[in-house]
Structure formats: C-alpha cells, structure tokens
Amino acid sequence: MKILKEITLLAITAFLLCSCGGNERRSRRGQTDIQQQQEVEATATDNAQNITEPQPEEVSSSDEPTPSNSFNINLYIENSGSMYGYVDGSHDFKNSMYEYLSDIKATGITESISLNFINSQIIKKGSDITAFFDRLNNSSALRNGGGKSGTTDIAEIIEMVAKNSGNNDVAIVVSDFIFSPGRGKNANEYLKDQRIKIKNIFTNYLKANSNAGVMFWRLTSNFSGLYYNRENAKTMLKNVERPYYMLIFGNKNALKSMRESVTESKINVKNFFIAENNFATPDYCVQPHSGEFQRSRTNAKHAISNAKKGRDGNMTFAVNVDFSKSLLDENYLLSPDNYSLSDKQFELYIQKNGSNFLLKYSSPVVKKTTLKTSLLKKIPNWINDYDDPEGLDINTAMDKTYGLKTIVGGIAEAFNINNTNSYTELSIDINK
C-alpha cells in the first residue's frame, strides 16, 4: 500500500506540472528543498480532490455542425459600377479571392463552394472556381454579370445573403461597402437607417443561428476606374490603392476551421473585426511561481493566499488562459485595452504562453479582494481610423471608406443586443 501511495503521489505531481500553467519549475529565493516538497505535496493533495471537478461549462448550440465536411461556402461578389476598378488593370483583387477559395477547397474542410454575383439580386455563377476567376479579368465580367448594377443598397445586399444562408452555410460577401445615399438625400439620416437595418438583419440571423460568428476583413487592391462619392459624383482614379472588404458569417466553428486551415496572411488581410455569439467560458488557472504567493489549498486554480510584494515593490501574479475555443483574433486577445479590471489598482500585461495567453497582474497594494477581469466586446480602433465621415472628396480619403462605422456598428449592436458588454469574466480570489 505504501508503494501504491507513493506512485499515486508521483502521478498527481506529474499531472500538476503538465496542467494549466504547471510547467514552470523555478523556486522562490530562500525556499528549502523540504519546504518545496511540502508545498508540492500539499498542492498535489488539493488538486487530487479537484481532478474530478467539472471544467468550466461551455455554451453549446443545437445548430453546431460536426467538425469536418459539414458546411458550404457561398461567395458573393458585388458587381455594381463602383467595383469595376478592382478588376481593370491589376489582378490583386481577383488573385486574392482566387487563391483563398482554392486553398480552402484544397483543405477539404467544406462540402461545396458556390459562386455568385450580387447587386439588386443574387446571380448564380456555378461552382467552378477556376472558370469563374478566369473570366474575372476586366470590368466586363462584372458589368455583364447580371442584375441591376447601377446602384446598390448595402443593407439589402446583406439581407439577401442572410436569408439565403442556412445553419450549415458560410457566406462571404466581397464589396467596397461604400454607402450611397444619392444626391439631395440627408446622408446622416440615411446612415442611421442603414445601421438599424443591419442590426436587425443580424439580430434575426442570430435567432436562427445562435452559434454564429462574423469576421469583417479589410484588404487593399490596385484600383483603376470610376469612384462614386455619396452623391454619385464620379472621379476617375488610375493605379491607386483602394480598400475593399470581406464580410464572412456563419457557424463560428466553421469560421474557426477556415481560419486554422488557411491563414488570412495568405491574402494579405490588413485589419480584422470579429464578433461571436455563445462565447465559450475559457479554462484558466493561476500560474505557479509568477509572484510571491501560495496557491490556495481550497481553490488552487482560481485563488492565491499569503500574497506579498516582490523586489519591485509590487504584488504580482499571472493567470494562464485557454482561449482556443474562441474565434477572436490573437491581436485582440493580446491587447490590455480590450479588458476591464474590477480593481483599478491593478495593471494588466498579456503575452502568449505556448498556445495559451498569460495575463500578468501587478499592484502596489496587497489586500484581500476578488479581482474580476472582463473580456470586452469592443469595436477596434482601425474602424475609426479608416472611416470617411464625409464621403465627398476621395483625394483626401484614398484609404478610407464612407459608412464603414455604419456597417460594423450595426453588426456589433446585434451581437450585443442584451447589453452584456463583455464576452466572459475571469475571477481570482486574493488572500481569501
């Protein structure tokens, strides 16, 4: 029995060292080998009691697809007049789309890919990727693509796509997403109306597809053609770089599979906005030896005791978080600006820790408290940076888009319809 007990203790200790945050083996200054052993044995006993505890419950949805070969991709390229300049001359635009879809198809993660133009209606163009993009060499392919391409309504385009998307469909809408109120219209009122419509579209979409996510990518391409401002006045542009966007939405597990299979850097995506519903509660735990403290005997994962200040005069500790189930972009998760702390005396720093994220906390005060960290739902700063508030003079806004805040604002409001303001909350008890 003694041998069995020793083997069990060794196994539990090994488990701790391989579990969340347990692979760091630095000793605190002045700690004896006996003290280290006592702490390991005490922690092992505590964790042995917790091994069978349920992990944080994950939100699931009945419309969640199986991991592979379970979703269809439907591509919609807007073929209105404002898009002609992306295919005349340079093939930056065409080649990005061509390469991305070809690589997605090659991975085998999708059952089918359908190709479409869209303006006042959806115009089906089959499923042959090579044939479709071979014809997309100049504006005549868009001009003769079908439908009414004179003017388009952004909210109506998104609504058509959303209504044409089922639980197992991923929609990719490619457009410059420039809103066009037209001459003599109240532009501000028009944008407000469009934002509300977009919010309602995605609110209804989420009711039918509760496990959904949205990715909104900003890309750039050479542009040679007519630019239409908010009053439909024309400006001829030649060999300039202009932004365009990919709006991608569907089951977030399918979106995550796409991101893991083909990275966005392959087509040089410049900026990201990502939103997801039913955020899965991440697994997290205190990182051993990340400060002068002891892991709690009653809750080793989520509490510390006997916390003290270190040599720099601050009390520090770190928390290892597994965000692997999240669709959110890595840069978003690494930015402290996207987190809110319940105690403003703490500062937060974040770094990658293998495949996880290490949230490092520092405070000049040691006290008994529960520190709560909220991962916020925020619109990234680049949306403001690249939004053209006037939509009149393209020469002063070559890298910007009129109405950019309108489309992203409407989407964000739909994903925050309950005003929760945060995706999840991490809670650590200190000296309790």
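So, how was this worked out
- Residues numbered from 1 in each chain as written.
- Predicted model: local features only at pLDDT ≥ 70, side-chain atom pairs only at ≥ 80, totals over all residues.
- Heavy atoms only, no water.
- Helix = DSSP H or I, 4+ residues; strand = E, 2+ residues; numbered from the N terminus.
- Buried < 20%, exposed > 50% of the residue type's maximum accessible area, 1.4 Å probe, protein only.
- Contact = heavy atoms within 4.5 Å.
- Areas by Shrake-Rupley, 256 points an atom, 1.4 Å probe, with all protein chains shown as cover.
- Pairing = 2+ DSSP bridges.
- Axes fitted to C-alpha atoms, helices over the stretch in contact; angles between N-to-C directions.
- Parallel < 35°, antiparallel > 145°, perpendicular 65-115°, else oblique.
- Salt bridge = Lys/Arg side-chain N within 4 Å of Asp/Glu carboxyl O.
- Polar contact = N/O pair within 3.5 Å; in protein donor to acceptor, adjacent residues only side chain to side chain.
- Phe/Tyr/Trp six-rings, centres within 6.5 Å; stacked < 30°, edge-to-face > 60°.
- Lys NZ or Arg CZ within 6 Å of the ring centre and 35° of its normal.

**Quick word on the overall build of the chain**
- Looking only at helices and strands, the chain features 11 helices and 18 strands.
- Here the chain holds 432 residues, and the buried ones make up 52% of them.
- For the chain, the proportion of contacts with a sequence separation of at least 24, taken over those separated by at least 6, is 77%.
- In the structure as shown, the chain presents an accessible area of about 20,400 Å², 46% of it carried by carbon and sulfur atoms.

**Some details on the environment of P181**
- With respect to the helices, strands and loops of the structure, P181 is situated in the loop between strand 4 (169-175) and helix 7 (187-208).
- Along the primary structure P181 and Q194 are separated by 13 residues, whereas in three dimensions their C-alpha atoms are 9.9 Å apart.

**Here we look at the sheet that holds strand 5 (residues 212-228)**
- With respect to topology, 7 strands assemble into an open sheet ordered 3-2-1-4-6-5-7, the strand pairing being mixed. In this open sheet, the two edge strands, each paired with only one partner strand, are strand 3 (122-124) and strand 7 (271-276). For this sheet, the mean inter-axis angle between neighbouring strands, taken without regard to orientation, is 25 degrees.
- Across 6 bridges, strand 1 (residues 72-78) lies against strand 4 in parallel orientation. Opposite N74, over in strand 4, you have A171 as the bridge partner.
- Here helix 8 (residues 252-261) sits on the sheet in contact with strand 1, strand 4, strand 5, strand 6 (234-251) and strand 7, set at roughly 125 degrees to strand 6.

**As for the sheet that holds strand 8 (residues 283-286)**
- Strand order in the open sheet made by the 4 strands is 8-11-14-13, with antiparallel pairing throughout. If you trace the sheet from one side to the other, it starts and ends with strand 8 and strand 13 (347-353), each paired once. If you compare each strand with its neighbour and ignore which way they point, the axes differ by 25 degrees on average.
- Direction of pairing for strand 11 (residues 315-322) relative to strand 14 (residues 356-363): antiparallel, over a ladder of 7 bridges. Within strand 14, the residue paired with A318 across the bridge is K360.

**As for the pairing of strand 15 (residues 369-376)**
- The element strand 15 is largely enclosed, with a buried count of 6 among its 8 residues.
- Bridging between strand 12 (residues 339-341) and strand 15 involves 3 bridges; their strand directions are antiparallel. If you follow S340 over to strand 15, its bridge partner there is S374.
- Here 8 bridges tie strand 15 to strand 18 (residues 422-430), and the two strands are oriented antiparallel to one another. From the neighbouring strand, L371 faces strand 18, where its bridge partner is I428.

**Quick look at the packing of helix 6 (residues 154-163) against helix 7**
- Running from N to C, helix 6 and helix 7 point in directions that differ by 10 degrees, and their axes come no closer than 9 Å. The pairing of helix 6 with helix 7 is recorded here as roughly parallel in orientation. Taken together, the residues of helix 7 that come into contact with helix 6 (itself represented by I154, A155, I158, E159 and A162) are Q194, K197, I198, I201, F202 and Y205.

**Side note on the pattern of salt bridges**
- All chains considered together, the criterion is met by 14 salt bridges.
- Two residues, E260 and K256, come together in a salt bridge whose shortest N-O distance is 3.3 Å. Of the two residues, E260 and K256 are both situated in helix 8; the distance of 4 residues between them amounts to about one turn of the helix.
- Judged by relative accessible area, E260 falls into the exposed class, the value being 58%.
- Between E264 and R259 there is a salt bridge; the shortest N-O distance is 2.5 Å. Accessibility classification places E264 together with R259 in one group, the buried group.
- Salt bridges here are not isolated pairs; linked through shared partners, they connect E99, D103 and K266.

**Things to note about the side chain of D343**
- Note that D343 resides in the loop between strand 12 and strand 13.
- From its side chain, D343 meets the backbone nitrogen of Q345 in a polar contact 2.9 Å long.

**Quick look at the packing of aromatic side chains**
- Under the definition given, this model contains 18 aromatic pairs.
- Ring geometry for Y86 and F223: centres 4.9 Å apart, planes at 80 degrees, overall edge-to-face. Note that Y86 is positioned in the loop between strand 1 and helix 3 (92-107) and F223 in strand 5, a separation of 137 residues in sequence. The two residues Y86 and F223 agree in class, both being buried.
- Consider the rings of F279 and Y423, whose centres lie 5.1 Å apart with planes at 35 degrees: the pair is tilted. Here F279 is found in the loop between strand 7 and strand 8, whereas its partner Y423 is found in strand 18, with 144 residues between them in sequence. One exposure class covers both F279 and Y423, and it is buried.
- The ring of Y386 has R218 lying over it, and the distance from NZ or CZ to the ring centre is 3.6 Å.
- One residue, K377, lies across the ring of Y423, its end atom 5.6 Å from the ring centre.

**Quick look at unusual backbone geometry**
- Phi at N239 is positive, roughly 50 degrees, even though this residue is not glycine.
- When you line up the elements, N239 lands in strand 6.
- Assessed through its relative accessible area of 51%, N239 is described here as exposed.
- Positive phi, normally seen in glycine, also occurs at H289, with a value near 60 degrees.
- Assignment of secondary structure puts H289 in the loop between strand 8 and strand 9 (294-295).

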